[in-house]
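What follows is the residue order along each chain.
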Amino acid sequence: MGKIRDLSHFDSGMIVGARYGGPSISEIADLLGFLRTSIEFIEDDTHTQKSSSEGQFCGRKHLVNERGQRRMARHVQDHRKTINTQITILYNSGMQKGISECIKRRALKQMDYSCRRPHRVTLLPAKNRKTSLQWARYQ
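Cut-off values and rules
- Residues numbered from 1 in each chain as written.
- Predicted model: local features only at pLDDT ≥ 70, side-chain atom pairs only at ≥ 80, totals over all residues.
- Heavy atoms only, no water.
- Helix = DSSP H or I, 4+ residues; strand = E, 2+ residues; numbered from the N terminus.
- Buried < 20%, exposed > 50% of the residue type's maximum accessible area, 1.4 Å probe, protein only.
- Contact = heavy atoms within 4.5 Å.
- Areas by Shrake-Rupley, 256 points an atom, 1.4 Å probe, with all protein chains shown as cover.
- Core = buried A, V, L, I, M, F, W, Y, C linked by side-chain atoms within 4.5 Å.
- Axes fitted to C-alpha atoms, helices over the stretch in contact; angles between N-to-C directions.
- Parallel < 35°, antiparallel > 145°, perpendicular 65-115°, else oblique.
- Left-handed = near helix turned anticlockwise from the far one by under 90°.
- Nonpolar A, V, L, I, M, F, W, Y, C, P; charged D, E, K, R; others polar.
- pLDDT = per-residue confidence, 0-100.
- Arc of directions from axis to C-beta.
- Salt bridge = Lys/Arg side-chain N within 4 Å of Asp/Glu carboxyl O.

Describe in detail the overall build of the protein chain, supporting the description with residues and values.
Looking only at helices and strands, the protein chain features seven helices and zero strands. By residue count, 22% of the 139 residues in the protein chain fall in the buried class. At a minimum sequence separation of 6, the contacts of the protein chain that also span at least 24 residues come to 50%. Element-wise, carbon and sulfur atoms account for 53% of the exposed surface of the protein chain, whose accessible area totals about 11,800 Å².

The structure is reproduced here in structure tokens:
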């Protein structure tokens, strides 16, 4: 019994559980009576399988990580009046691998910065505003 093709799922589960317990491969082979090569093969097989935590690495790579977002936010706050291309140039100045305009725009959008700021619009035209202020002064 001990060869890899003779092992059931239960046996391989026993090997994996015993390995998580901490003993070495030789100790597990002596304890359970399986060949060392079978135990090594099962251990390699369990390490190469995708776990559920590896799902976070699928999809688009984030070229601007958390540290880069903090750095970009600093640039935006320090240079409020600059245009987008200048922010990209400032960001790329200290980096080995620069980012493009599109990536910078996407990162700023994820950080809830947008190019369009709400404008303060007066509700009264200049002529009516002047007359309403004069009226308020006399009242």
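We are not done yet, so read on.
Can you explain the nonpolar core? Please cite residues and give values.
Among the nonpolar cores identified, the biggest contains 11 residues, and these are V64, M72, A73, V76, I87, Y91, I99, I103, A107, L108 and M111. Secondary-structure elements contributing two or more residues to this core are α4 (66-78), α5 (84-93) and α6 (101-110). Ranked by size, the runner-up nonpolar core spans nine residues in total, among them L7, I15, I28 and I42.

Mind laying out the packing of helix α1 (residues 9-21) against helix α2 (residues 25-32), listing which residues take part and the relevant values?
Two quantities define a packed helix pair, namely the angle between the helix axes and the distance between the axes. Close contact between α1 and α2 brings their axes to 10 Å; oriented N to C, the two are set at 135°. One finds that α1 runs oblique with respect to α2. Once α1 is placed against α2, the crossing between them reads as right-handed. On α2, the residues touching M14, I15, A18 and R19 of α1 are I25, I28 and L32. Class assignment of the residues belonging to the contact of α1 with α2 gives a composition of six nonpolar, no polar and one charged.

An account of the packing of α4 against α6 is needed here, citing residue identities and associated values.
Put simply, α4 and α6 touch, their axes get as near as 11 Å, and they point 90° apart. Judged by the angle between their axes, α4 and α6 are roughly perpendicular. Here α4 contributes Q69, M72 and V76 to the contact with α6, which in turn contributes K104, A107, L108 and Q110. Looking at the contact of α4 with α6, its residues break down into four nonpolar, two polar and one charged.

Now, about the confidence of the model for the protein chain: what can you tell me, with residues and values included?
Summing up the model confidence of the protein chain, the mean pLDDT is 78 and the portion of residues at 70 or higher is 78%. Model confidence for the protein chain, summarised as mean pLDDT per element, is weakest for helix α3 (residues 36-48) at 80 and strongest for α2 at 88.

An account of α6 is requested, with residue identities and associated values reported.
Every buried residue belonging to α6 is among I103, K104, A107 and L108, and all of these are buried. In an axial view of α6, the angular spread of the buried residues amounts to 135°, which keeps them on one side of the axis. Among the structural elements, α4 and α5 are those in contact with the buried residues of α6. In the segment just after α6, D112 is the residue with positive phi, at about 65°.

Can you break down the pattern of salt bridges residue by residue, with the values?
Inspection of the entire model under this criterion finds three salt bridges. Between E40 and R36 there is a salt bridge, with the nearest N and O atoms lying 3.3 Å from each other. Here the residue E40 and the residue R36 both occupy positions in helix α3, the gap between them amounting to four residues, near one helical turn. Judged by relative accessible area, which is 43%, R36 ranks as partly exposed.

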